[in-house]
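# Per-entry structural report
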Amino acid sequence: MTIQLPDSKGGLRAYEPRPEPFAVTSGTPFTSRTVFSAAHVVADPFADTSPDSPAAVDWDATLAFRRHLWSHGLGVAEAMDTAQRGMGLDWAGAAELIRRSAAEAKAVGGRIACGVGTDQITGGTLADVRAAYEEQLALVEESGAQAILMASRALAAVAKGPEDYLEVYGHLLRQSAEPVVLHWLGPMFDPALEGYWGSSDLDAATDTFLEVIAAHPDKVDGIKVSLLEAQREIDIRRRLPKGVRCYTGDDFNYPELIAGDDQGFSHALLGIFDPLGPLAAEAVRVLDTGNTAGFRELLDPTVELSRHLFQTPTRFYKTGVVLLAWLAGHQSHFTMVGGLQSARSLPHFARAYELADGLGLFPGPKLAEERMKNLLALYGVTQ
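Described below are features of the structure shown in this document. Note that the structure is a prediction, hence the values are computed from the model and not measured. Each chain carries its own residue numbering, running from 1 in the written order of its sequence. pLDDT decides what is reported in this predicted model: residues at 70 or higher carry local features, side-chain atom pairs at 80 or more are listed and counted, and totals for whole chains, interfaces and linings draw on all residues regardless. Side-chain descriptors were evaluated using all non-hydrogen atoms of the structure, hydrogens and water having been removed beforehand.

Salt bridge, as applied in this entry: a Lys or Arg side-chain nitrogen positioned within 4 Å of an Asp or Glu carboxyl oxygen. This structure, assessed with the given rule, holds 19 salt bridges. For the salt bridge of R238 with D261, the shortest nitrogen-to-oxygen distance reads 2.6 Å. Remark: D261 occurs in the loop between α8 (254–259) and β10 (267–270) and R238 occurs in helix α7 (residues 230–238); sequence separation between them is 23 residues. Exposure is judged per residue with a 1.4 Å probe applied to protein chains only, and the accessible area is read against the type maximum: over 50% gives exposed, under 20% gives buried, and values in between give partly exposed. The partly exposed category is assigned to D261, whose relative accessible area is 31%. Salt bridges linked by common partners bring R13, E304, R351 and E354 together as one network. Secondary structure elements follow DSSP: runs of H or I of four or more residues count as helices, runs of E of two or more count as strands, with numbering from the N terminus.

Structure representation (structure tokens):
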């Protein structure tokens, strides 16, 4: 059996789907790394909404996907940019997502950390930014989840320089009940974050970022670096205070960063581990045995898919993530909050399907093939 897939030149090519999925083992806990998957939300396809309307979420399917991740031993990083924070999911929707997912994590014994931002405001003063952060931090802590202090568009807009970042983050860390994860999200994921930490010079920004951590090492569990520069992450990792973890957010170079070197390694908090969940979990269990080569053998082939999904404009990677969740049978439709299913092209979808199928990511290859053919038919491609 073959499927005709469109290429980037306007033609069609025959592809023969993989007959069997990648075989995974049961989800025993990891011992060598802490690994979170940033998880997507499932839209309600029957809601009468527009791209400007508040998000309509299918809560049953959204929570079922989190149970899928937990069943493989992965932690869930909730209400992050993968969940379309600021790209279809507003603060009211994110707050409900945090409450529901944290309660589900408690019920099933899953690990969860949740994003704390300032997306309930669009401007204002530094005091307004602090208050917005405080409101979200309180909700996450009340839910029983670990807090991830996300980069703030509002702070980036109002801050005059590094001292404003030091003041705001220092204030939040002093009042946090438990150690948090600090998230540095680069402008390739969100252009509004250009110049974060008070400078567009990454060396200067890095110094400010590390100054925040050095002043409050007991309140920082770890950092998540999403700059897509492996060497910069390694350099930052080596400068962290003892006991502060580095969670890689580099969706281009994650195998080498998680594997590490003789001076250390990164844990993981990755959007690509949403579609890669079972395979990524299997790779980490191999790493737990000390078999770094086996870990790389499993995870290195996934990088081509990740680089494809996260290609420029990187912020639209969520579209590919949700496409693969639909093809894998984790949801019944390919609809996204904010109508973001339209953000990538048909050739992009076709290549994502081909790469994911080649890795054996679809539990039911036949279902994935049928759904891909249905999508192609909507675009006028006949088989």
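This brings us to the packing of helix α5 (residues 162–175) against helix α6 (residues 202–215). Put simply, α5 and α6 touch, their axes get as near as 10 Å, and they point 25 degrees apart. The angle between α5 and α6 places the two elements in the roughly parallel class. When the axes of α5 and α6 are compared, the crossing they make is right-handed. On the side of α5, the interface is formed by P162, L166, Y169 and L173, while α6 contributes T208, E211 and V212. Amino acids are sorted into nonpolar (Ala, Val, Leu, Ile, Met, Phe, Trp, Tyr, Cys and Pro), charged (Asp, Glu, Lys and Arg) and polar (every other residue, Gly among them). A per-class count over the contact of α5 with α6 returns five nonpolar, one polar and one charged. To obtain each axis, a line is fitted to C-alpha atoms, and for helices this fit is confined to the stretch in contact; angles are then taken between N-to-C directions over 0 to 180 degrees. An angle counts as roughly parallel when it lies under 35 degrees, as roughly antiparallel when it exceeds 145, as roughly perpendicular when it falls between 65 and 115, and as oblique in every other case. Crossings are classed by handedness, with left-handed meaning an anticlockwise turn of the near helix from the far one by less than a right angle and right-handed meaning a clockwise turn. What makes two residues a contact is simply this: any of their non-hydrogen atoms within 4.5 Å.

Okay, the side chain of S176 next. Inspection of the secondary structure puts S176 in the loop between α5 and β7 (180–185). Whenever two N or O atoms come within 3.5 Å, that pair is a polar contact, provided that in protein one can donate a hydrogen and the other can accept it, and provided that, for residues adjacent in sequence, both atoms are side-chain atoms. A polar side-chain atom of S176 sits 3.5 Å from the main-chain carbonyl oxygen of E178. Ignoring any residue separated from it by four or fewer positions in sequence, one finds S176 in contact with L137, E141 and K219.

Moving on to the pairing of β10. In the case of a regular strand, side chains alternate between the two sheet surfaces. Burial along β10 is two-sided: H267 and L269 and A268 and L270, pointing in opposite directions, are all buried. Following DSSP output, two strands are said to pair if at least two bridges run between them. Inspection of the sheet shows strand β3 (residues 35–38) paired to β10 by three bridges, in the parallel sense. Counterpart to S37 in the pairing with β10 is L270. Across two bridges, the pairing between strand β9 (residues 245–248) and β10 is parallel. Note on β10: the bridge partner recorded for Y247 is H267.

Residues T312 and P313 are joined by a peptide bond in cis, for which omega reads -5 degrees. Structurally, P313 can be placed in the loop between α11 (303–309) and α12 (317–327). Non-glycine residue Q84 carries a positive phi angle of around 70 degrees. Judged by its relative accessible area of 1%, Q84 falls in the buried class. Of note, W197 is a non-glycine position whose phi angle comes to about 70 degrees, a positive value. Inspection of the secondary structure puts W197 in the loop between β7 and α6.

To continue, consider the sheet that holds β7. Reading around the circumference, β3-β4-β5-β6-β7-β8-β9-β10 is the order of the eight strands in this closed barrel, with parallel pairing throughout. Taken over all neighbouring pairs, the strand axes of this sheet differ in orientation by 25 degrees on average, direction set aside. Bridge count for strand β8 (residues 220–226) against β9 is four bridges, and the pairing is parallel. By the bridge assignment for β9, I223 is matched with C246.

Put simply, two rings from Phe, Tyr or Trp (the six-membered ring, in Trp's case) pair if the centres are within 6.5 Å, and we call them stacked under 30 degrees between planes, edge-to-face over 60, tilted for the rest. For the structure shown, the criterion picks out 17 aromatic pairs. Where F334 meets F349, the ring centres are 5.3 Å apart and the plane angle is 85 degrees; that geometry is what we call edge-to-face. On the criterion of sequence distance, the pair formed by F334 in the loop between α12 and α13 (346–359) and F349 in helix α13 is long-range, its members being 15 residues apart. Judged by relative accessible area, which is 13%, F334 ranks as buried. By relative accessible area, F349 is classed as buried at 0%. Linked through ring pairs, Y133, Y165, Y169, W184, Y196, W197 and F209 together constitute an aromatic cluster. We call a charge positioned over a ring when the NZ of a Lys or the CZ of an Arg lies within 6 Å of the ring centre and within 35 degrees of the ring normal. The ring of F265 carries R33 above its face, with NZ or CZ at 3.5 Å from the centroid.

One less than the residue count of a helix, multiplied by 1.5 Å, gives the span that helix is expected to have. For helix α3 (residues 126–143), spanning 18 residues, the distance from its first C-alpha to its last is 26 Å, which sits close to the expected 26 Å at 1.5 Å a residue. Inspection of α3 places L126, V129, A132, Y133, Q136, L137, L139 and V140 among the buried residues, and these make up the whole buried set. For α3, the buried positions fall inside an angular range of 160 degrees around the axis, keeping them on one side. The elements touched by buried residues of α3 are α2 (91–108), β5 (112–116), β6 (146–149), α4 (153–158) and α5. G144 lies just past α3 and shows a positive phi near 90 degrees. Picture the helix axis, draw a direction to every C-beta atom, and the arc is the one those directions span.

Turning our attention to the nonpolar core. Membership of the largest hydrophobic core comes to 119 residues, with the highest contact counts inside it found for L155, Y169, L182, Y196, I223, F273 and M372. Counting residues per element, this core draws most heavily on α13, which supplies eight residues. The contacts of F273, once residues within four sequence positions are left out, are V35, F36, S37, L69, L74, Y254, I258, A268, A280 and L299. Definition used in this section: a nonpolar core is a set of buried Ala, Val, Leu, Ile, Met, Phe, Trp, Tyr and Cys residues joined via side-chain atoms within 4.5 Å. Counting 10 residues, the second-largest nonpolar core is a separate cluster that includes A38, M80, V181 and L269.

This part takes up the environment of A293. Inspection of the secondary structure puts A293 in helix α10 (residues 292–299). When its relative accessible area of 59% is taken as the criterion, A293 is described as exposed. Residues A293 and T118, 175 residues apart in the sequence, show an inter-C-alpha distance of 42 Å.

Purely spatial values, then, with no claim about function.
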